[in-house]
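Report on the structure
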Amino acid sequence: MNDIELYKSILGVKQPWDVTNVKLDLLNKTVTIKVGYNQSQKLQCPVCDTNGSVYDHNTRRWRHLDTCQMTTIIECEVPRISCDEHGVKQVRVPWAETNSHFTALFEALVINWLKETSLSGVGNLLNLSWDQVAGIQERAVKRGLERREEKPLVNIAIDETSFQRRHEYVTVIYDKEHDAILEVLDDRKSATLEEWLKNRPQEHLDSIKTVSLDMWDPFILAIKNTVPAAMTKICFDRFHVAQHFGKALDKVRAQENRSFFNSGSESPLARTKHEWLRNSHRTDNRSRRDFMVLTRSTLKTARAWAIKETASKLWDFTYRGSAEKEWHHLLGWICRCRLDPVKKVGRMVKNYLWGIINAIIAKVSNAVAESKNARIQRIKKMACGFRNRKRFRMAILFHLGGLDLMPESLVNYA
Ligand SMILES: [Zn+2]
């Protein structure tokens, strides 16, 4: 088998395409494969598939998967044909997507590696620039979004998340039914979310059963303005409510710890931050004997902890009435607790109790919101931050969008 025959079978090119030459550059460890086409065969317009006549040629090069540990380039004089209806068009080649400088198989390799590591990691592995890898990722997301069929919304979650620097936020819209992030919006403003919702077909909004979110007025307003009977569908889920109680507890602990420090005495709270914040219905308290002694002390932090723990247990009710009664009981306790950060959360819970009760009755799961949040944090960590919102959106949709990312040509080619 000579090298032309070898590369013909490696590349799997079919009629009218054919390998015409293989050029080896040992110095640069590059092999260039020339592909030509059989001129006796008719070529089709890429838009309407009718036969057209060859107008001229364009020299194109694509990077392909390495062969024999050498950078492998496909080169072809791609014909442009003239179609009566669509004018002069470059014909489709089976090994690459239009406008890409990489073959479909190479893009597929990059896509698979991007799932495991960062853009710069893939760039280093394949000797590609950051922009080239980002371009492949962007095209993958773009074709995934184009292929995605819009489905009626049923149970969704809307959340803000920060990227890179603190206090810069985007809005993430998550479809719980299909376990996919639908969109990442540029900010966390009411108008932006409202516009996105308004662009859904009306029946896709009518089908909504629950929307889980944090107690955040701009989002609430946008939902009220677009989703029918929003006040019965908005759910402030357990995950977000627990976050607020956790933050208040941590403030109380930090203040109390500081006051021990300032008075010159040893603080029993030193190095206990994570113990207090731990989700205790998931852990075995018997192995935390020293910590449990602290929780029964007269510390302010112990009081804040008891309130946080109680709030985390008030989520299993079947009837609105009993749920409301227990939460009001807790709110009374909070009112008398003399812990300002906790009282602040208490006032918020009181104002938004209707949505908390909605979440309890609808049995909205917090596990999804929590795991989705953790996955976004992992993406952030892997990338060491993002240059801008656009890049952050691309990465989230790439990893969590549930999209079909692979190049179209791969199907014809395989
Ligand atoms: Zn045409």
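Here is what the cut-offs are and how they apply
- Residues numbered from 1 in each chain as written.
- Predicted model: local features only at pLDDT ≥ 70, side-chain atom pairs only at ≥ 80, totals over all residues.
- Heavy atoms only, no water.
- 1 Å grid on protein atoms, 1.4 Å probe; cavity = no way out; pocket = protein on both sides within 12 Å on 5 of 7 lines; lining within 4 Å.
- Points joined across faces, edges and corners; volume = space filled by probe spheres on them.
- Helix = DSSP H or I, 4+ residues; strand = E, 2+ residues; numbered from the N terminus.
- Donors = N, O, S within 2.8 Å, 3.2 Å for Na, K, Ca; no water.
- Tetrahedral: all angles 85-135°; square planar, octahedral: opposite > 155°, others 65-115°.
- Buried < 20%, exposed > 50% of the residue type's maximum accessible area, 1.4 Å probe, protein only.
- Pairing = 2+ DSSP bridges.
- Axes fitted to C-alpha atoms, helices over the stretch in contact; angles between N-to-C directions.
- Phe/Tyr/Trp six-rings, centres within 6.5 Å; stacked < 30°, edge-to-face > 60°.
- Lys NZ or Arg CZ within 6 Å of the ring centre and 35° of its normal.
- Parallel < 35°, antiparallel > 145°, perpendicular 65-115°, else oblique.
- Left-handed = near helix turned anticlockwise from the far one by under 90°.
- Contact = heavy atoms within 4.5 Å.

1. Here we look at the layout of surface pockets
Quantified by volume, the largest pocket comes out at close to 1,400 Å³. Lining the largest pocket are 44 residues, and of these His240, Ala242, Gln243, His244 and Lys247 sit closest to its centre. Counting residues per element, the ones that place at least two in the lining of the largest pocket are β7 (155-162), α9 (238-262), α10 (273-277), α12 (300-312), α14 (340-351) and α16 (367-383). Counting residues per element, the lining of the largest pocket draws most heavily on α9, at 13 residues.

2. Some thoughts on the coordination of the zinc ion
Protein coordination at the zinc ion: the donors are Cys45 (SG), Cys48 (SG), Cys83 (SG) and His86 (ND1), at 2.1 to 2.3 Å from the metal. Here the zinc ion is ringed by 4 donor atoms whose angles at the metal span 105 to 114 degrees, and the overall shape comes out tetrahedral. Linear spacing of the donor residues for the zinc ion on their chain is C-x2-C-x34-C-x2-H. Taken together, the positions of Cys48 in the loop between β3 (43-44) and β4 (51-67) and His86 in the loop between β5 (70-83) and β6 (87-90) put the pair 38 residues apart, joining distant regions of the chain. Owing to a relative accessible area of 27%, Cys48 belongs among the partly exposed residues under this scheme. We classify His86 as partly exposed; its relative accessible area is 28%.

3. Some details on unusual backbone geometry
For residues other than glycine, phi is negative in most cases, and the peptide bonds are mostly trans. Between Gln15 and Pro16 the backbone carries a cis peptide bond, its omega angle lying at 5 degrees. Positionally, Pro16 belongs in the loop between α1 (3-11) and β1 (17-25). Phi is positive for Lys29, close to 50 degrees, though the residue is something other than glycine. For Lys29, the position within the fold is in the loop between β1 and β2 (30-37). For Lys29, a relative accessible area of 46% puts it in the partly exposed group. A positive phi angle, near 45 degrees, is found at Cys68, a position not held by glycine. For Cys68, a relative accessible area of 61% puts it in the exposed group.

4. Focus on the sheet that holds strand β10 (residues 210-213)
Taken in spatial order, the 5 strands make up an open sheet running β9-β8-β7-β10-β11, and their pairing is mixed. This sheet does not close on itself; its edge strands, each paired only once, are β9 (180-185) and β11 (234-236). Adjacent strand axes in the sheet meet at a mean angle of 25 degrees, parallel and antiparallel pairs treated alike. Where β7 meets β10, 3 bridges bridge the pair, whose relative direction is parallel. The partner of Asn155 across the bridge, within β10, is Thr210.

5. Details of the packing of aromatic side chains
The full count for this structure, using the stated rule, is 12 aromatic pairs. An angle of 85 degrees between the planes, with centres 5.2 Å apart, marks the rings of Trp17 and Trp95 as edge-to-face. Of the two residues, Trp17 sits in strand β1 while Trp95 sits in the loop between β6 and α2 (104-114), which places them 78 residues apart along the sequence. Exposure class is identical for Trp17 and Trp95. Each is buried. Between Trp276 and Phe291, the ring centres sit 4.8 Å apart and the planes meet at 75 degrees, which makes this aromatic pair edge-to-face. Linking Trp276 in helix α10 with Phe291 in helix α11 (residues 289-295), this pair joins segments that are 15 residues apart in sequence. In this pair, the class of Trp276 matches that of Phe291, namely buried. Linked through ring pairs, Trp17, Tyr37, Trp62 and Trp95 together constitute an aromatic cluster. Taking NZ or CZ as reference, Arg188 lies 3.9 Å from the ring centre of Tyr169, over its face. When the ring centre of Trp196 is taken as origin, the NZ or CZ atom of Arg200, which lies over that ring, is 4.0 Å away.

6. Remarks on the packing of α2 against helix α3 (residues 119-126)
Orientation of α2 relative to α3, taken along the N-to-C sense of each, is 135 degrees, at an axis distance of 9 Å. Taken as axis vectors, α2 and α3 run oblique relative to one another. Once α2 is placed against α3, the crossing between them reads as right-handed. Residues Phe106, Leu109, Val110, Trp113 and Leu114 of α2 touch α3, and the partners they reach there are Leu119, Val122, Leu125 and Leu126.

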